[in-house]
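# Coordinate analysis (summary)
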Amino acid sequence: MHGVFVDANESLAVIFERLEKSGDPKVRVNRNPDITPDQYPKLLDGAAIAIVDHTALPTEVAKKCTGLKHVVFLGTGARSYMNPEELGALGIDVHLIKGYGDTAVAECAIALMWEAARGVARMDREMRAGNWLREDAMQLTGKTLGLIGFGGIAAEVARIASGSGMRVIAWNRSPKKHPKVEFVDLDELLTESDVVSIHLLLNDETRGLVSRACIEAMKPGMILVNTARGAIVDEAAMIDALKSGHIRHAGLDVFNVEPLPADHPLTKLPNVTLSAHSAFRTPEASENLIGAAWAHCRRIAKGSK
């Protein structure tokens, strides 16, 4: 049994090759992060395992990948790139990697929250253009942070925010308990939170969950942070709320279309901070990620799912 890392950037390729051990299944590394889906059949060339960072794998393309039995997706958001159920019907198992970047993503969410409150990026842009922009910031100590969804990333956000003097409340689809976090219903979270941060996986139940009605129910002048998936939020409603000031500022690492087009409406708004779906990209998280990918490959080679 052999595999192919189909879309490795250089930093992930170096880690992948360094973590290889004697007796590991043979995995070829394709050092090109910008492949297109139609290249899968030729790249895999009969391989049983495809390690995928971010390249979409349409079901119709997967049908042409003779021999493919396993997809090791580098993260949890495989549904943004493929249909696991349809692949499963073809006999292709999709394996996810959870928890590898919880701290990295949480720190990005916190950074976006603080930037949204202080407006540092906008002041930097204006000063470089010769404008001495000075505006009142939002002081976050004593404010309420609402977490929509509560897994490993949200727990890390809660730890950091609690340490900085914020009250942390959360809503989760299944009941949970966590130190220094008050769990409330979604309606209460929306009306009570000065900052809302989204921490949900994207699936049929969560797509569009933060609807126009949800946004309208949020506290006027609040901050919205999304490091989860763009499609969880009604983008048009969010843009309207940003334009009206109902949302003071949005800190976004994820978008409906990625890469974000240069002429996208979000790029024209002054009260939005954008980052290029990079919350999870730290050396520490990458090490965890690739280590987990190898663990999947070793387990698959031994004949267990």
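Data block above holds the structure.
Residues numbered from 1 in each chain as written. Predicted model: local features only at pLDDT ≥ 70, side-chain atom pairs only at ≥ 80, totals over all residues. Heavy atoms only, no water.

### Thoughts on the environment of Val254
With respect to the secondary-structure elements, Val254 resides in the loop between β11 (247–252) and β12 (272–274). Note: C-alpha distance between Val254 and Ile160 (94 residues apart in sequence) is 21 Å. Discounting residues that sit within four places of it in the chain, Val254 has contacts with Asn226, Thr227, Ala228, Arg229, Gly230 and His277. (Helix = DSSP H or I, 4+ residues; strand = E, 2+ residues; numbered from the N terminus. Contact = heavy atoms within 4.5 Å.)

### Things to note about the sheet that holds strand β5 (residues 93–95)
By definition, the strands of a sheet pair up through backbone hydrogen bonds, in either a parallel or an antiparallel sense. Overall, parallel pairing links the 5 strands, which are arranged β2-β1-β3-β4-β5 in an open sheet. Edge positions in the sheet fall to β2 (26–29) and β5, since each of these pairs with one other strand and no more. Pairs of neighbouring strands in the sheet enclose a mean axial angle of 20 degrees, with direction left out of account. Here strand β4 (residues 70–73) runs beside β5; their pairing, made up of 3 bridges, is parallel. Residue pairing in the sheet places Val71 in a bridge with Val94 of β5. Relative to β2, helix α1 (residues 10–18) is tilted by about 160 degrees, and along the sheet it contacts β1 (2–5), β2 and β3 (49–52). (Pairing = 2+ DSSP bridges. Axes fitted to C-alpha atoms, helices over the stretch in contact; angles between N-to-C directions.)

### What to know about the pattern of salt bridges
A complete count under the given rule lists 15 salt bridges for this structure. The residue Asp24 makes a salt bridge to Arg298 at a minimum N-O spacing of 2.7 Å. Here the residue Asp24 occupies a position in the loop between α1 and β2, and Arg298 occupies one in helix α11 (residues 283–301), the gap between them amounting to 274 residues. (Salt bridge = Lys/Arg side-chain N within 4 Å of Asp/Glu carboxyl O.)

### A few points about the pairing of β1
In this structure, β1 lies alongside β2, joined through 4 bridges in parallel fashion. Looking across to β2, one finds that Val4 is bridged to Arg28. In the classification by handedness, the crossover that spans β1, the intervening α1 and the parallel β2 is right-handed. (Right-handed = clockwise from strand over helix to strand, strands pointing away.)

### Here we look at the packing of aromatic side chains
One pair of aromatic rings is described through two measures. These are the centre distance and the angle between the planes. Going through the model one piece at a time under the given rule, you end up with 4 aromatic pairs. Here Phe73 and Tyr81 contribute two aromatic rings whose centre-to-centre distance is 5.4 Å and whose plane-to-plane angle is 35 degrees, an arrangement assigned as tilted. With centroids separated by 5.2 Å and ring planes inclined at 75 degrees, the aromatic side chains of Phe150 and Phe183 adopt a geometry described as edge-to-face. Of this pair, Phe150 sits in the loop between β6 (144–148) and α7 (152–163) while Phe183 sits in strand β8 (residues 182–183); the two residues are 33 residues apart in sequence, bridging distant segments of the chain. (Phe/Tyr/Trp six-rings, centres within 6.5 Å; stacked < 30°, edge-to-face > 60°.)

### Looking at the sheet that holds strand β9 (residues 195–198)
Taken together, 7 strands build an open sheet; the order of strands is β8-β7-β6-β9-β10-β11-β12 and the sheet is parallel. Edge positions in the open sheet fall to β8 and β12, since each of these has one partner strand only. Of the strand pairs in this sheet, β6 and strand β7 (residues 167–171) are connected by 5 bridges, and their pairing is parallel. Opposite Gly146, over in β7, you have Ile169 as the bridge partner. Contacting β10 (222–226), β11 and β12, helix α10 (residues 235–244) crosses the sheet at an angle of about 130 degrees to β11.

### Some thoughts on the side chain of His264
Among the secondary structure elements, His264 is positioned in the loop between β11 and β12. Only 3.0 Å separates the side chain of His264 from the backbone nitrogen of Leu266, close enough to count as a polar contact. (Polar contact = N/O pair within 3.5 Å; in protein donor to acceptor, adjacent residues only side chain to side chain.)

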